[in-house]
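Here is how the chains run, residue by residue.
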Amino acid sequence: MMKPYLSVFRLRISNGLQYRAAALAGVGTQFFFGFIFIMIFQAFYAHASEAPSMTLSQVITYTWLKQAFLALIVLWLRDNELFQLITSGNIAYELCRPSEIYGLWYAKLLAQRLSSALLRCFPILIVVGFLPEPYRFQWPPDFVSGLLFLATLLIGLLMIVALSMLIYISVFVTMSPAGSLLLFSIFGEFFAGLIIPVPLMPDWMQKIVYILPFHWTADFPFRVFTGNISKAEALTGILAQCLWLAALILFGKFTMNRALKRVVVQGG
């Protein structure tokens, strides 16, 4: 049952790892924005009236993690081929396949993100580990924190792919890839802590963030890495991540089936 999905996944990983020049350009861009964000946070901490719940060192490490694993956590990363299948009517070819569309698309998107991240994360993490203070990247406080980070990041990746699937499913209704991407990306990026780490937000806004699933994809794993979230809280959070992941996949499959029942293919 899993063989078609694994084949698609391996093929997409292999293809994605060939784009080394694009990855190198992306690394340069991510370094640039990383320094910009860090300088903004430095100014914020220099003029803060009271000590925030995250140290400046933790926020700097959080920022470099965001830049290193950007391909794993942003919703605006897209596969234009899937959008074209929906808007052009070529979705008919996908309907003829013996495999489930949701599983095939999920495998494609997962491989796309992993291949992009593998090419970019290691150069960034190696370089920022040797930067002078205060720009230096700090490694986890202990080995267990590192393992918990890897587990939370992996589940967060599976969640972000499930959320991305909802974008593609929404295009069956809106027929506007740009509109669906914009709607999901604006809310998702902010509530995931990609603009401002969640602990730096006002208390009333944090309550909203913790109700939604987005912060489990980026803010939670990165704070586990920096030690801002304890090991006990990390284990509880992993359970919450798994529950959200199951809910998002079930909801995605349900909405995909509803959308496919109503789809109209051009040409009759």
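Data block above holds the structure.
Just so it is clear, the model here is predicted, and its values are computed rather than measured.

Caption draft 1: Local environment of the overall build of the chain. Secondary structure summary: the chain contains 12 helices and zero strands in total. For the chain, the α and β elements follow one another from N to C terminus as α-α-α-α-α-α-α-α-α-α-α-α. When burial is assessed residue by residue, the chain has 48% of its 268 residues classed as buried. Within the chain, contacts between residues separated by at least 24 positions form 79% of all contacts whose residues are at least 6 apart in sequence.

Caption draft 2: Local environment of the pattern of salt bridges. Per the stated rule, a full pass over the model turns up two salt bridges. One salt bridge connects D142 with K231, and the closest N-O pair in it is separated by 2.8 Å. Remark: K231 occurs in helix α12 (residues 231-262) and D142 occurs in the loop between α7 (101-128) and α8 (143-174); sequence separation between them is 89 residues. A relative accessible area of 30% means that D142 is categorised as partly exposed.

Caption draft 3: Region of the structure containing the packing of aromatic side chains. Evaluated as defined, the whole model comprises 13 aromatic pairs. Pairing F35 with Y135 gives two aromatic rings, centres 5.5 Å apart and planes at 70°, and the pair type is edge-to-face. Within this pair, whereas F35 is found in helix α2 (residues 20-46), its partner Y135 is found in the loop between α7 and α8, the two being separated by 100 residues in sequence. What links up through ring pairs into an aromatic cluster is the set F69, F137, W139, F149 and F225. Positioned above the aromatic ring of F37, the side-chain terminus of K66 is 3.6 Å from the ring centre.

Caption draft 4: Local environment of empty space enclosed by the protein. Under the definition given, this model contains one cavity of 30 Å³ or more. In this model, the largest cavity occupies a volume close to 40 Å³. Along the walls of the largest cavity sit I73, V74, L75, I160, G188, E189, A192, L194, F214 and T217, which together make up its complete lining. For the lining of the largest cavity, the class distribution of residues is seven nonpolar, two polar and one charged.

Caption draft 5: Layout of the layout of surface pockets. Its volume calculated, the second largest pocket comes out at about 390 Å³. Taken together, 21 residues line the second largest pocket, and the ones lying closest to its centre are F69, C121, F149, L150 and L153. Of all elements in the fold, only α7 and α8 reach the threshold of two or more residues within the lining of the second largest pocket. The element contributing the most residues to the lining of the second largest pocket is α8, with seven residues.

Rules behind the numbers
Residues numbered from 1 in each chain as written. Predicted model: local features only at pLDDT ≥ 70, side-chain atom pairs only at ≥ 80, totals over all residues. Heavy atoms only, no water. Helix = DSSP H or I, 4+ residues; strand = E, 2+ residues; numbered from the N terminus. Buried < 20%, exposed > 50% of the residue type's maximum accessible area, 1.4 Å probe, protein only. Contact = heavy atoms within 4.5 Å. Salt bridge = Lys/Arg side-chain N within 4 Å of Asp/Glu carboxyl O. Phe/Tyr/Trp six-rings, centres within 6.5 Å; stacked < 30°, edge-to-face > 60°. Lys NZ or Arg CZ within 6 Å of the ring centre and 35° of its normal. 1 Å grid on protein atoms, 1.4 Å probe; cavity = no way out; pocket = protein on both sides within 12 Å on 5 of 7 lines; lining within 4 Å. Points joined across faces, edges and corners; volume = space filled by probe spheres on them. Nonpolar A, V, L, I, M, F, W, Y, C, P; charged D, E, K, R; others polar.

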